[in-house]
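A structural walkthrough
If you want the building blocks of each chain, they are given just below.
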Amino acid sequence: MEVVLKNLTKKFPGRDKKNPVEVIAVNNFDFTIPDGKLVGLLGPSGCGKSTTLNLISGLEKPTSGQIFFGDDDVTKLPPENRGIGLVFQNYALYPHLTVRQNILFPLENLKGKEKLSKQVMEEKALEAARLVQIEELMERRPSELSGGQQQRVAIARALVKMPKVLLLDEPLSNLDARLRLQTREEIRRIQNETKITTIFVTHDQEEAMSICDLMIVMKAGVVHQIGKPQDIYDDPKNLFVAKFLGTPAINVFEGEVKSGKLYIGDDCIMDAPGVKDGKVYTGIRPEGFKLNETGCLKLKLSRVEVMGRDVSIIGTKEESLNDNIRAIISSDNLVDTRKDTVAFDLNPKKVFVFDYETEERIRF
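Note that the coordinates shown come from a computational prediction; the quantities given were computed from them, not determined experimentally.

1. So, the nonpolar core
Counting residues in each nonpolar core, the largest one holds 46 residues, and the members touching the most others are Ile103, Ile134, Ile187, Phe200 and Leu245. For this core, the leading source of residues is helix H4 (residues 147–159), giving 6 residues. Apart from the residues within four sequence positions on either side, Ile187 is in contact with Leu38, Ile155, Leu168, Pro171, Leu172, Phe200 and Ile211. Counting residues in each nonpolar core, the second largest holds 25 residues, with Val257, Val275, Val311 and Ala327 among its members.

Listed below in structure tokens is the structure:
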């Protein structure tokens with residue numbers, strides 16, 4: 001099911017009674033979510049991603065704009081009539097019901113022409129349980145399950161009606177690191193098998209990049225960039241997107257362009273043809289450094305961290321906005337830790353320049 005958001009805006013009244021300034025949670029969101037894709041809404045807390053999901057589900061009403069499921073305008077349609085499946089961060093399972101009863105619950109509430117026989121409901125519940133691989137847990141109650149198993153029950157309950165759109169609101173936040181990795185792989189597998197249009201809300205960029213077909217990066221209710229995860233990582237539109245994506249984070253420096261050359265401090269790191277002279281921000285991905293004794297960028301060496309196949313060189317530079325600069329190189333390289341400084345060449349594809357005032361990307 002294609003989901004179309006047209007100029008979607010949501011404003012909340014201000015809480016200050018003396019000066020009630022409206023809070024814009026979602027600001028003019030305009031995008032088409034393709035049929036059968038897994039799309040991630042990504043951004044820091046308070047960016048508007050969960051509000052967007054609530055607008056799509058019908059739990060919130062938009063201040064302005066429209067929502068279409070295919071050709072149908074569902075903007076004013078109540079949640080129960082939209083054909084959605086919704087999975088919350090806290091699972092929201094009924095503690096007194098078994099796994100089977102929790103999964104059956106949405107089917108038992110169907111009325112009229114949609115009402116199913118008991119046998120058909122049981123078959124659908126078992127099919128949903130098999131999809132998330134919990135069929136052997138059907139007679140247990142939520143208190144007898146692990147966090148990952150409870151999350152699978154919540155997903156099965158959302159899928160049992162085979163919704164037009166599946167909405168996942170930070171479904172992995174309550175899981176430990178290993179379970180989070182396993183469960184996100186399961187979500188990707190389930191989505192591939194069912195081909196249900198899925199919208200996945202998270203603040204964890206690693207989660208979004210690993211399983212999403214498309215990613216929407218938001219900040220303060222505004223969409224900053226939309227695209228395939230790797231494309232956004234390799235080609236950020238502005239400094240916020242560049243800083244938000246990537247683990248470890250991008251290294252950011254105050255730089256300067258002089259006569260077509262890009263400088264960080266006294267180091268001339270690359271040509272910048274066509275860029276006007278003046279201060280800029282320069283971002284360098286950790287994997288963009290190449291160890292070279294006569295390299296263009298020199299850092300004060302702090303320490304070296306050996307991480308198996310990789311080595312992280314930690315350094316500092318006066319122009320850096322990061323407390324520490326992290327350069328990741330292959331463990332085949334030998335770093336002379338007796339020296340106070342270390343020098344690098346740079347991969348130009350991993351170096352980004354941003355306007356000092358607007359923080360928008362400068363391309364050259």
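Once the structure has been displayed, the description carries forward.
2. Regarding the domain arrangement of the protein chain
Domain assignment breaks the protein chain into domain 1 (3–244) and domain 2 (282–362). The C-alpha centroid of domain 2 is placed 38 Å from the C-alpha centroid of domain 1. Taken together, the contacts link 8 residues of domain 1 with 8 residues of domain 2. Note on domain 1 versus domain 2: buried area summed over both sides is about 850 Å², and carbon and sulfur give 44% of it.

3. Description of the pattern of salt bridges
Across all of its chains, the model carries 18 salt bridges by this definition. Residues Asp213 and Arg188 are paired through a salt bridge, measuring 3.2 Å at the closest nitrogen-oxygen approach. Separated by 25 residues along the polypeptide, Asp213 in the loop between helix H6 (205–211) and strand E9 (214–219) and Arg188 in helix H5 (residues 177–194) bring together distant segments of the chain. Exposure remark for Asp213: the relative accessible area of 26% places this residue in the partly exposed category. Residue classification places Arg188 among the buried residues on the basis of a relative accessible area of 15%. Between Asp267 and Lys317 there is a salt bridge, with the nearest N and O atoms lying 2.9 Å from each other.

4. Here's the deal with the packing of H4 against H5
Two elements in contact, H4 and H5, have axes separated by 11 Å at closest approach and are oriented at 20°. Considering the angle they form, H4 stands roughly parallel to H5. H5 is crossed by H4, and the crossing has right-handed handedness. Between H4 and H5, the contacting residues are Gly148, Gln151, Arg152, Ile155 and Leu159 on the first element and Leu179, Gln182, Thr183, Glu186, Ile187 and Ile190 on the second.

5. Digging into the sheet that holds strand E16 (residues 297–307)
The 5 strands lie next to each other as E15-E19-E16-E17-E18, forming an open sheet whose pairing is antiparallel. Only two strands of the sheet have a single neighbouring strand rather than two, namely strand E15 (289–291) and strand E18 (325–330). In this sheet, neighbouring strand axes are inclined to one another by 50° on average, regardless of whether the strands run parallel or antiparallel. One ladder, built from 3 bridges, connects E15 with strand E19 (residues 341–346); its direction is antiparallel. Within E19, the position partnered with Lys290 by the bridge is Asp345.

Conventions we followed
Residues numbered from 1 in each chain as written. Predicted model: local features only at pLDDT ≥ 70, side-chain atom pairs only at ≥ 80, totals over all residues. Heavy atoms only, no water. Core = buried A, V, L, I, M, F, W, Y, C linked by side-chain atoms within 4.5 Å. Buried < 20%, exposed > 50% of the residue type's maximum accessible area, 1.4 Å probe, protein only. Helix = DSSP H or I, 4+ residues; strand = E, 2+ residues; numbered from the N terminus. Contact = heavy atoms within 4.5 Å. Domains from an automatic or database assignment. Buried area = accessible area lost by both parts, 1.4 Å probe. Salt bridge = Lys/Arg side-chain N within 4 Å of Asp/Glu carboxyl O. Axes fitted to C-alpha atoms, helices over the stretch in contact; angles between N-to-C directions. Parallel < 35°, antiparallel > 145°, perpendicular 65-115°, else oblique. Left-handed = near helix turned anticlockwise from the far one by under 90°. Pairing = 2+ DSSP bridges.

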